[in-house]
Amino acid sequence: MKIVDARVIVTCPGRNLVTLKIETDDGIHGIGDATLNGRELAVVAYLEEHVAPALIGRDPSCIEDIWQFFYRGAYWRRGPVTMSAIGAVDMALWDIMGKAAGLPLYKLLGGKSRDRVMVYGHATGHDIEGCLEEVARHVEQGYRAVRVQCGIPGIASTYGVAKRAGERYEPADSSLPSENVWSTSKYLNHAPKLFQAVRERFGDDLHVLHDVHHRLTPIEAARLGKEVEPYHLFWLEDCVPAENQGAFRLIRQHTTTPLAVGEVFNSIHDCRELIESQSIDYIRATLTHAGGITHVRRIAALAELYHVRTGFHGPTDLSPVCMGAALHFDTWVPNFGIQEHMPHSEEIEEVFPHAYRFEDGHFTPGEAPGHGVDIDEGLAAKYPYRRASLPVNRLEDGTLWHW
Ligand SMILES: O=C(O)[C@H](O)[C@@H](O)[C@H](O)[C@H](O)CO
Ligand SMILES: [Mg+2]
């Protein structure tokens, strides 16, 4: 089998999504997700100019060699653009090999380690009451795990909260970055009240998660982790920016609240120290942004040695292609923890027909060969690209902060 075509499809059914489609001479094709939210066309250019031409004529079964070719061969290693491009190639090749073998991807990886994949949904509200209503809606839908994000009194808008009640939360909300305001002290005073209210209303069984979105310093994160211990969160996510992996040691010394990190990581080197020092509990690096299945399974294998489990990133800025592939990975990987799930819009679901299914708070990847997700190119073409940027964040005095 040889690769005869590789092309990039950009579509915007409500949000931009980038797909790489690889075709072979025996008629099998595979697709990979290359979406890098707010920087989509950088990956498109990388794929079209440097990757697609070099794929033609290669044997798609040489997944490892092709991975090494684009990683080592670029000379300029790592980084989100390079690793998302490699991730898309890798996902598409595993898809092709699954189809060639007539096997769903999870069987190719080593088979089922579990019957179904627990996911967490997103409950957001402008105030605690609004947030509790959203948690209730998720519980009614069957979710066993819910991430809770709430507006902060005295701050006009914050991460994870939809602009208007009832609207979907979509972070890339304007053509050029919109500006949010942040106050660490207001947040730290308010956040524990949210978890207390959730526990009072929903009891002990619900898994409760929370995303700090990189905004604290290590000692502030330590305070938060400690203060919320009575509400036994499933995890506290991205409590500090993680370029300095050593910073997590300090947080760890102070709290038993489980820590998750890694959605912006793109390589094993971004989390090696975090994992080896046992400073975290869940690793969130996922297939699209961290070099595909071939690389993320190395991360998962390292993590397993240190009791760190997976908790893949899964917002709407990852397409159903990544979701499908991730669900196969989750079904196989021995040290699975949880999978994030933010439902895609109906338009997106139509552009990407898929075999995975939600039932009772869990997903199953389906039995279709490969990762089980395809793209309707005709429909995709009806939604042209529109530039969208992620917001920036400023402290109340105007200082640019982490968003
Ligand atoms: O935990 C999450 O789901 C994330 O933090 C996302 O919501 C990011 O903000 C988004 O992926 C940025 O593009
Ligand atoms: Mg996050």
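Predicted, not measured: the structure shown is a model, and the values here were computed from it.

Caption draft 1: The arrangement of the sheet that holds strand 15 (residues 392-395) in detail. Pairing within the open sheet is mixed, and its three strands lie in the order 6-15-16. On the outer flanks of this sheet lie strand 6 (179-182) and strand 16 (400-401), each paired with one strand and no other. Bridging between strand 15 and strand 16 involves two bridges; their strand directions are antiparallel. Considered in strand 16, the bridge of asparagine 393 is made with tryptophan 401.

Caption draft 2: Up close: the side chain of arginine 114. Tracing the backbone shows arginine 114 in the loop between helix 4 (105-109) and strand 4 (117-125). In this structure the side chain of arginine 114 is engaged in a polar contact, spanning 2.6 Å, whose partner is the backbone oxygen of aspartate 330. Polar side-chain contacts of arginine 114 include one of 3.4 Å to the backbone oxygen of threonine 331. Apart from residues no more than four positions distant in its own chain, arginine 114 is found in contact with Asp330, Thr331, Trp332, Val333, Pro334 and Phe336.

Caption draft 3: Just empty space enclosed by the protein, in detail. As enumerated under the stated definition, the model contains two cavities of 30 Å³ or more in all. Approximately 110 Å³ is the volume found for the largest cavity. Taken together, 15 residues line the largest cavity, and the ones lying closest to its centre are Gln149, Cys150, Ile152, Tyr187 and His210. Elements that contribute at least two residues to the lining of the largest cavity include exactly strand 5 (145-150), helix 6 (184-202) and strand 7 (207-211). Partitioned by chemical class, the residues of the lining of the largest cavity number eight nonpolar, five polar and two charged. Space inside the second largest cavity adds up to approximately 30 Å³. Around the second largest cavity, the lining residues are Thr286, His313, Gly314, Pro315, Leu318, Ser319, Cys322, Met323, Ala326 and Gln339. Looking at the lining of the second largest cavity, the element that brings in the most residues is helix 11 (residues 320-332), giving three residues.

Caption draft 4: Spatial organisation of the nonpolar core. Counting 113 residues, the largest nonpolar core has Ile22, Val148, Phe248, Leu287 and Phe329 as its most contacted members. A per-element tally of this core places helix 3 (residues 80-101) first, with 11 residues. Once you skip the residues sitting within four places of it in the chain, phenylalanine 248 turns out to touch Cys239, Val240, Ala242, Leu259, Val261, Leu274, Ser279 and Ile280. Ranked by size, the runner-up nonpolar core spans nine residues in total, among them Phe234, Trp235, Ala260 and Tyr282.

Basis of the calculations
- Residues numbered from 1 in each chain as written.
- Chains lettered and ligands numbered in written order.
- Predicted model: local features only at pLDDT ≥ 70, side-chain atom pairs only at ≥ 80, totals over all residues.
- Heavy atoms only, no water.
- Pairing = 2+ DSSP bridges.
- Helix = DSSP H or I, 4+ residues; strand = E, 2+ residues; numbered from the N terminus.
- Polar contact = N/O pair within 3.5 Å; in protein donor to acceptor, adjacent residues only side chain to side chain.
- Contact = heavy atoms within 4.5 Å.
- 1 Å grid on protein atoms, 1.4 Å probe; cavity = no way out; pocket = protein on both sides within 12 Å on 5 of 7 lines; lining within 4 Å.
- Points joined across faces, edges and corners; volume = space filled by probe spheres on them.
- Nonpolar A, V, L, I, M, F, W, Y, C, P; charged D, E, K, R; others polar.
- Core = buried A, V, L, I, M, F, W, Y, C linked by side-chain atoms within 4.5 Å.
- Buried < 20%, exposed > 50% of the residue type's maximum accessible area, 1.4 Å probe, protein only.

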